[in-house]
Amino acid sequence: MGFEPWMEAALFGLAGLMIGSFLNVVIHRLPRMMERQWAAECEDYLQSQRDGAATAAGAAAGAGAAAHAAPTMAAAAEPFNLWTPRSRCPSCGREVRWHENIPVLSYLWLGGRCAGCKARISPRYPAVEIATGLLFWFCARHWGATPTAAALCAFSAALVALACIDWDTTLLPDDITLPLLWAGVLASAFQWIQVPLFASVAGAAAGYLSLWAVYWAFKLATGKEGMGYGDFKLFAALGAWFGWQALVPIILMASVIGALVGIGMKFSKGLREGGYIPFGPFLAGAGLVAMLFGPDSVMRSILGALGL
C-alpha cells in the first residue's frame, strides 16, 4: 500500500533536510580536500626535482636517505575527507555532538551559536538545509515517488552544493560537475526525464562548446579570462538535463541575474578584490528555476520582461 501524496512529499522533504546537512559538509570540505591534493602533488613534484638535482650532483644515496626519512606533508597530515574527522566548531575546535547536528532544529535550539564558545554559527547552514528540503518536497509533490523525482532531487542537491562552493571559492569541482553531466545523459537514456537522448547529448556538447567559445573570444579580445572551465562543465550538465533547446533561456537568465547582482554589489562596494563575481551560482540558480517552472516558461518570462 502506497503513501498518500502529501506523505510522500513530506518524507522527501525530510530526506532533503538531512541531505542538506550533508551538503554543508561537502561545501566546507570538498574545496579544502582539493587544496590538500594540489599541495601534495606540488610537494611530490618538488621532491622529485630535488632528488633529480641530488642525483646529478652525485649525492643520490645521501639525498635518497634524507627524503625517505622526512615524511611528506601529505603523509604527515591527518585524514581529511567528507567523513573524517567529525564536525568541529571552527572557532574553538569543539566536536559537534549528534544532537547538535539535527537539521534546522539544532540551530534554533542553540540560538545560532556554538554550545561551547558561543561563537556565531552562519545562518547559511540552516538555509542550505531548508532550501534542499523544499526542493526535495517540490520534486515529490510534482512527480510523486518516482525515479524522475529521485533523479531531480539529486540534480537539485548538486546545484545547491555547486552554487555555494563557487560563491565561496570560485571553484566548480569536477567531482560534482562531471557526474552531474553524465547523470543527465543517463536520466535521459532511462527516460527518467522528458528529454530525448539526442537532445541531452547535443545539449551537453552545445553547453560546453558555447561557453568555451565565449571564453576564448573574450580572452583574445581583452587578454583576460572571463570565466573558468568549471562553468563550461556546469553549463554542459544543464544541457544534458534540459536539452539543447533550454540553453538559451538558462544562459539569459543567469546572465541577467548575474549582471544585476554584480551592479548591486558594485554600488554597495561588496565586490571582491579584482571586481568579479563567480558565474557558477547564477548558472546553478537558473538551472533550478528551469526545473521548477520549465525552460519554456523561463523564456516567455524573459521575453515578456524585455517587451518582446
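Refer to the structure above for everything that follows.
What counts and how
- Residues numbered from 1 in each chain as written.
- Predicted model: local features only at pLDDT ≥ 70, side-chain atom pairs only at ≥ 80, totals over all residues.
- Heavy atoms only, no water.
- Patch = residues over 30% accessible without salt bridge, like charges linked within 9 Å, V, L, I, M, F, W, Y side chains within 5 Å.
- Areas by Shrake-Rupley, 256 points an atom, 1.4 Å probe, with all protein chains shown as cover.
- Salt bridge = Lys/Arg side-chain N within 4 Å of Asp/Glu carboxyl O.
- Helix = DSSP H or I, 4+ residues; strand = E, 2+ residues; numbered from the N terminus.
- 1 Å grid on protein atoms, 1.4 Å probe; cavity = no way out; pocket = protein on both sides within 12 Å on 5 of 7 lines; lining within 4 Å.
- Points joined across faces, edges and corners; volume = space filled by probe spheres on them.
- Nonpolar A, V, L, I, M, F, W, Y, C, P; charged D, E, K, R; others polar.
- Phe/Tyr/Trp six-rings, centres within 6.5 Å; stacked < 30°, edge-to-face > 60°.
- Buried < 20%, exposed > 50% of the residue type's maximum accessible area, 1.4 Å probe, protein only.
- Lys NZ or Arg CZ within 6 Å of the ring centre and 35° of its normal.

*Asks:* Now, about a nonpolar patch on the surface: what can you tell me, with residues and values included?
*Replies:* Nonpolar side chains collect at one region of the surface, where Trp98, Ile102, Leu105 and Leu108 lie side by side and expose about 500 Å² of accessible area between them. With respect to the secondary-structure elements, Leu105 resides in helix α4 (residues 105-109).

*Asks:* Can you explain the layout of surface pockets? Please cite residues and give values.
*Replies:* Roughly 930 Å³ of volume is contained in the largest pocket. Secondary structure elements with two or more residues in the lining of the largest pocket: α8 (197-222), α9 (229-242), α10 (247-267) and α11 (280-293). It is α10 that provides the largest number of residues to the lining of the largest pocket, a total of six residues. For the lining of the largest pocket, the class distribution of residues is 17 nonpolar, ten polar and seven charged. Size it by volume and the second largest pocket reaches roughly 800 Å³. Contributing to the lining of the second largest pocket are 34 residues, with Ser87, Arg88, Pro90, Val96 and Tyr125 lying nearest its centre. Listing elements by their share of the lining of the second largest pocket, those giving two or more residues are α1 (5-56), α4 and α5 (124-143). With six residues, α1 is the single largest residue contributor to the lining of the second largest pocket.

*Asks:* Lay out the packing of aromatic side chains in plain terms, naming residues and giving numbers.
*Replies:* All told, the structure shown has eleven aromatic pairs when counted by the stated rule. Taking the centre distance of 6.5 Å and the plane angle of 80 degrees together, the rings of Trp167 and Phe282 count as edge-to-face. Here Trp167, found in helix α6 (residues 147-169), pairs with Phe282, found in helix α11; they are 115 residues apart in sequence, far enough to count as distant. Centroid distance Phe190 to Trp192: 5.1 Å. Interplanar angle 20 degrees. Geometry classified as stacked. The exposure class assigned to Trp192 is partly exposed, which follows from its relative accessible area of 35%. Counting every residue linked through ring pairs, the aromatic cluster contains Tyr208, Tyr215, Trp216, Tyr229 and Phe232. The aromatic ring of Phe80 is capped on one face by Arg29, whose charged end is 5.5 Å from the ring centroid.

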